[in-house]
Amino acid sequence: MVNQGVEDFVKSPITKVAGLTLFAFSFFYLGQHWSDGNQQLVFFNNQQQSDKSLTPSIAISPNVNKTISSEPPPSHPPKPPPVIAEKFGVIDENGVMAEDFEVGDFDPDLVDKFRNLDMSIVKPDDVSAAAVDIGKYSLCSEDMREYIPCLDNVEELKKLDSTVRGEKFERHCPGKDSGLNCLIPPPKDYKTPIPWPQSRDEVWFSNVPHSRLVDDKGGQNWIERDNDKFKFPGGGTQFIHGADKYLDQIAQMVPEIAFGNHTRVVLDVGCGVASFGAFLLSRNVTTLSIAPKDVHENQIQFALERGVPAMVAAFATRRLLYPSQAFELIHCSRCRINWTRDDGIYLLEVNRMLRGGGYFVWAAQPVYKHEIPLQKQWKEMEDLTTRLCWELVKKEGYVAIWRKPSNNSCYAGRDAGTQPPLCDLGDDPDNVWYVDMKACISGLPDNAYGANVTTWPSRLNNIPDRLQSIQLDSQISRGELYKAENGYWKNIVTSYVHVYHWEKKPFRNVMDMRAGFGGYAAALINMEMDYWIMNVVPVSGPNTLPVIYDRGLIGVMHDWCEPFDTYPRTYDLLNANRLLSTEQKRCNVSTIMLEMDRILRPGGTAYILDSVNVMDEIQAVAKAIGWHTNPRDTSEGPHANWKLLICEKSL
């Protein structure tokens, strides 16, 4: 009877259910206990399967964390690595894992809330950006075809208290609500620019239809009109026999200058039509040619039309937008600047930008003429340069060449009270955005950073010493960030050049709008692309300009919430890498893109690589501007966080 009772109990439905339940819980426990830690399968479903209108269950595949080997197609650039490491979490300033960090209190209620979350209410339309609808932008008036917003702001210029120091040539930008809101029209009969290197010697008259320079400087071999073209014989006010012979003279006077080897980056002040810089290009020297928008207002426009690196800039009250120790040589040939006025403040600005051991070349009447007023100017220049510890290494004909010291020993040996004084230790010589010039000497770093760069071309790919002085959260790993950026842009640029057939495109003037360490420019140079690249470092990020110049590249500090100091129709190619998503917190995407259209040549191209979160807006603005757009996926595929948009401006 007992055995019969046990048998009945085992066969009873209650016992079977209890057994199955125990069996299931056992497997669940074993699975949890011996799991490899990888979440193999997750379900979120609180709805009846019969409800077809709701989002189906979401499952994560068991292969979610497994690597599947496949080479990405070369036509799409990979996702960019972070150029600047914002934070490193629990890694301390030495790159070591910290032990004294706090994770925070455990909140069991949060787990319950997650378990009870009804994922069916999240629909695809809720997580994607809403469609952006923007009306077409209209053309600006004809009188704005050469409009530079921050330099042509008539209303602000009227408010200036003084103009004696050239304040009217500095930036006075429109207010937030009065910026550019139309498309700058090209001149009548605008033509596709003559390609480089032919453009060095001639450009279309219709693209820069101004004859004042021909009338004023025709006898000095600067520029001449020949039917429908301007031609550039290569002369200048102080070198009417040609820039090449003038460069030979400088090289013979001071062989240590060594163009294209020791001297790679040059600043030409008051450049005219930039023939000095144009002819230095053939000697592997990149020259940034600058001049104010003065009575000869189109000299920079001529330089850019020729395909020569240039931008509008003036010695007035503020520092120029270039870092300390940027240039191996700074040149002034009849640049009409009184270097000794106001305690020598302009020459002190030259001293700030001149690399330790670099050269200042002055070709002007006080060097060689013997009239009493001119000789007085020469004596003042000799006295000032002596107090700056500059060495007059050569004076020949109408050219004088000084050399800046490569360390602070001379400054330390000056008599007490010698003017000008050294700048305060707290002064940052690389801080240039709306910073006033200072009548003091910017001392050199005691560790010789900046003065000990290697020769060209090895310096392009070497890690500069001043990388260590850039203000980043990362310390030990910054060298790895530098290498990662170089590798990233090498892959990207190789892809762009080969897949999009850049060899068939007439690119010459190129801008990297968010330049980082200059990896994009370096990649183009390493591929021997015959471009020049303006590297723009936004004020919203770390100031990497010293690194860019130490590599033998040129660049400028800028805030993209304001217009850039250049003429319309300046650049053939714009590279905007994560720029718009970064700056949209500070200003409108449309503001930046309208400025891109202003400086982009008709027929030019913009490559915009950015987050999918802003790509809808970017495309909408691009179409409103009238660009032809070509959206492309990155190598991560259609569901990646990044997209590439290629925009072409109609001719």
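Check the entry above for the structure.
On a predicted model such as this, the values are computed, not experimentally measured, just so you know.

1. Considerations on the packing of aromatic side chains
And then number 1: On inspection of all chains with the given rule, the structure shows 30 aromatic pairs.
And then number 2: Taken together, a centroid distance of 5.6 Å and an interplanar angle of 85 degrees make the contact between W339 and F360 edge-to-face. One end of the pair, W339, is in the loop between strand 9 (327–333) and helix 10 (341–353); the other, F360, is in strand 10 (residues 354–363), with 21 residues separating them in the sequence. Across this residue pair, the class does not change: W339 and F360 are buried.
And then number 3: Ring centres of Y368 and Y398 lie 6.1 Å apart, and the angle between their planes is 65 degrees; on these two criteria the pair is classed as edge-to-face.

2. Re the sheet that holds strand 9
And then number 1: Ordered in space as 8-7-6-9-10-12-11, the seven strands form an open sheet in which the pairing is mixed. Where the open sheet ends on each side, the last strands, each with one partner, are strand 8 (310–312) and strand 11 (391–396). Direction aside, neighbouring strands of the sheet carry axes that sit 20 degrees apart on average.
And then number 2: As judged from the three bridges shared by strand 7 (residues 286–291) and strand 8, these two strands associate in the parallel manner. Within strand 8, the residue paired with A291 across the bridge is V312.
And then number 3: In the packing of helix 9 (residues 299–306) onto the sheet, the strands contacted are strand 7 and strand 8, and the crossing angle to strand 8 comes to about 155 degrees.
And then number 4: Strands in contact with helix 10 are strand 6 (265–269), strand 9 and strand 10; relative to strand 10, the strand with the most contacts, it is inclined by about 135 degrees.

3. Re the sheet that holds strand 15 (residues 554–558)
And then number 1: What the seven strands build is an open sheet, ordered 15-14-13-16-17-19-18; its pairing is mixed. Edge strands, defined here as strands with exactly one partner in the open sheet, are strand 15 and strand 18 (628–633). Strand-to-strand twist in this sheet, taken as the mean axis angle between neighbours without regard to direction, amounts to 20 degrees.
And then number 2: As defined by bridge partners, strand 13 (residues 509–512) adjoins strand 14 (residues 532–538) across four bridges and the pair is classed as parallel. Note that in strand 14 the partner of D512 across the bridge is N535.
And then number 3: Each of strand 13, strand 16 (571–577) and strand 17 (600–611) is contacted by helix 18 (residues 589–599), which is oriented at about 150 degrees to strand 17, the strand it contacts most.
And then number 4: Against the sheet, helix 19 (residues 612–625) makes contact with strand 17, strand 18 and strand 19 (642–648), and its axis sits at roughly 165 degrees relative to strand 17, the strand it touches most.

4. Here's the deal with the environment of Y137
And then number 1: Mapped onto the fold, Y137 is located in the loop between helix 4 (124–127) and helix 5 (154–158).
And then number 2: Counting along the chain gives 488 residues from Y137 to I625, while the straight-line C-alpha distance between them is 5.7 Å.
And then number 3: Among residues more than four places away in sequence, those in contact with Y137 are N181, L183, S590, L594, A624 and I625.

5. What about the side chain of K404?
And then number 1: Relative to the helices and strands, K404 is located in the loop between strand 12 (399–403) and helix 13 (409–412).
And then number 2: No salt bridge is formed by the buried K404. Its closest oppositely charged neighbour is D430, at 10.0 Å.

6. Examining the state of the cysteines
And then number 1: One pass over the structure, following the stated rule, counts six disulfides.
And then number 2: Between the sulfur atoms of C150 and its disulfide partner C173 the distance amounts to 2.0 Å. Because the torsion about its S-S bond is 105 degrees, the bridge between C150 and C173 counts as right-handed. With C150 in the loop between helix 4 and helix 5 and C173 in the loop between helix 5 and strand 3 (202–204), this residue pair connects regions lying 23 residues apart in the sequence. Here C150 and C173 have matching classes, each one buried.
And then number 3: In this model C423 forms its disulfide with C440; the gap between the sulfur atoms is 2.0 Å. The sign of the S-S torsion, about 90 degrees, decides the handedness of the disulfide formed by C423 and C440: right-handed. Here the residue C423 occupies a position in the loop between helix 13 and helix 14 (478–499), and C440 occupies one in the loop between helix 13 and helix 14, the gap between them amounting to 17 residues.
And then number 4: The buried category is assigned to C423, whose relative accessible area is 15%.

7. Structural notes on the pairing of strand 10
And then number 1: Of all 10 residues that make up strand 10, 10 are buried, and the element is covered over most of its length.
And then number 2: As paired strands, strand 9 and strand 10 are joined by six bridges and run parallel to one another. Residue pairing across strands places S333 opposite A363, the latter belonging to strand 10.
And then number 3: In this view, the connection linking strand 9 to its parallel neighbour strand 10 by way of helix 10 has right-handed handedness.
And then number 4: Relative to strand 12, strand 10 runs antiparallel, the two being bridged by five bridges. Paired with F360 across the two strands is W402, which belongs to strand 12.

Parameters and conventions
- Residues numbered from 1 in each chain as written.
- Predicted model: local features only at pLDDT ≥ 70, side-chain atom pairs only at ≥ 80, totals over all residues.
- Heavy atoms only, no water.
- Phe/Tyr/Trp six-rings, centres within 6.5 Å; stacked < 30°, edge-to-face > 60°.
- Helix = DSSP H or I, 4+ residues; strand = E, 2+ residues; numbered from the N terminus.
- Buried < 20%, exposed > 50% of the residue type's maximum accessible area, 1.4 Å probe, protein only.
- Pairing = 2+ DSSP bridges.
- Axes fitted to C-alpha atoms, helices over the stretch in contact; angles between N-to-C directions.
- Contact = heavy atoms within 4.5 Å.
- Lys, Arg positive; Asp, Glu negative; His and termini not counted.
- Salt bridge = Lys/Arg side-chain N within 4 Å of Asp/Glu carboxyl O.
- Disulfide = S-S within 2.5 Å.
- Right-handed = clockwise from strand over helix to strand, strands pointing away.

No statement about biological role is implied by the geometric values presented.
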